[in-house]
Amino acid sequence: STQSTGFKDEDHTLGNSLRYMLVKNKDVEFAGYSIPHPMDNILNLRVQTKKENVETPSAVYDWVKKVTLDTQAAKILKDSNFVGEDFFQLKQEQFIEMGLKEETAKLLGDAIIQAKPVPAVLTVMESLDNLTETFKHIKSTFADAVEEY
């Protein structure tokens, strides 16, 4: 998913810090910011999160085969017609009902949890929270240093 957001009255300090926090996240494919003009106090942030391609039956087959190394399981899921978001809603029990081995079903269930697309807006919010905690720590450390001085 992709999210573009504008922040008023912000500059490179927030933009670069937020971009840094975002690119550290394993779910982020791209994060960048721009300030369209130095006279405008607007910071534009764009984030794109990773997404596994499971939009077609053959893409499901390829993904399942890559994850499980089980051609039979990949064929069963390809024939099931679960693609896109429907595929990411499947649970371990459903894989077993389709005829997959228990170990393969568990592996797929875990892999789906890891591969499920993360909305970009949630990633931005998480990074803002992390950045806020970092700034609080810096402020506290600075205040302690001033008191000691």
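In this text, all values refer to a predicted model and were calculated from it rather than measured experimentally.

A. Spatial organisation of a nonpolar patch on the surface. Together, V121, L122 and M125 line one region of the surface with nonpolar side chains, adding up to about 270 Å² of accessible area. Here L122 is to be found in helix α7 (residues 120-148). L122 gets classed as exposed once you look at its relative accessible area, which sits at 52%.

B. Representation of helix α2 (residues 57-68). Taking 1.5 Å of rise per residue, 12 residues should cover 16 Å, and α2 covers 16 Å from first to last C-alpha, within 8% of that figure. Residues of α2 that are buried: A59, V60, Y61, W63, V64 and T68. At the C-terminal side of α2, L69 shows a positive phi close to 60°.

C. A look at the nonpolar core. In this structure, W63, V64, L77, F87, F95 and L108 are the most contacted members of the largest nonpolar core, which totals 16 residues. Elements with a contribution of two residues or more to this core: α2, α3 (71-79), α4 (84-88) and α6 (102-115). L108 has contacts with W63, V64, V67, T68, L77, F95 and L100, leaving out every residue within four places of it along the chain. Counting 12 residues, the second largest nonpolar core, distinct from the first, contains F7, L14, L18 and M21.

D. How the structure looks around the sheet that holds strand β1 (residues 2-8). With antiparallel pairing, the three strands of this open sheet are ordered in space as β1-β3-β2. The outermost strands of the open sheet, each flanked by one partner alone, are β1 and β2 (28-34). Sheet twist, expressed as the mean angle between neighbouring strand axes with direction ignored, is 15°. Helix α1 (residues 12-23) rests against β1, β2 and β3 (42-49) of the sheet, and its axis sits at about 175° to β2.

E. Quick peek at α1. Relative to the 16 Å expected for 12 residues at 1.5 Å per residue, α1 spans 16 Å between its end C-alpha atoms, a close match to the ideal helical length. When we look at burial in α1, the residues that qualify are L14, G15, L18, M21 and L22. For α1, the angular spread of buried residues about the axis comes to 135°, placing them on one side. Among the residues of α1, the N-terminal cap falls to D11, whose side-chain oxygen and the backbone nitrogen of T13 are separated by 3.0 Å.

Analysis parameters
- Residues numbered from 1 in each chain as written.
- Predicted model: local features only at pLDDT ≥ 70, side-chain atom pairs only at ≥ 80, totals over all residues.
- Heavy atoms only, no water.
- Patch = residues over 30% accessible without salt bridge, like charges linked within 9 Å, V, L, I, M, F, W, Y side chains within 5 Å.
- Areas by Shrake-Rupley, 256 points an atom, 1.4 Å probe, with all protein chains shown as cover.
- Salt bridge = Lys/Arg side-chain N within 4 Å of Asp/Glu carboxyl O.
- Helix = DSSP H or I, 4+ residues; strand = E, 2+ residues; numbered from the N terminus.
- Buried < 20%, exposed > 50% of the residue type's maximum accessible area, 1.4 Å probe, protein only.
- Expected span 1.5 Å × (residues − 1).
- Core = buried A, V, L, I, M, F, W, Y, C linked by side-chain atoms within 4.5 Å.
- Contact = heavy atoms within 4.5 Å.
- Pairing = 2+ DSSP bridges.
- Axes fitted to C-alpha atoms, helices over the stretch in contact; angles between N-to-C directions.
- Arc of directions from axis to C-beta.
- Polar contact = N/O pair within 3.5 Å; in protein donor to acceptor, adjacent residues only side chain to side chain.

Fair warning: the whole summary comes from geometry, so function is off the table for now.
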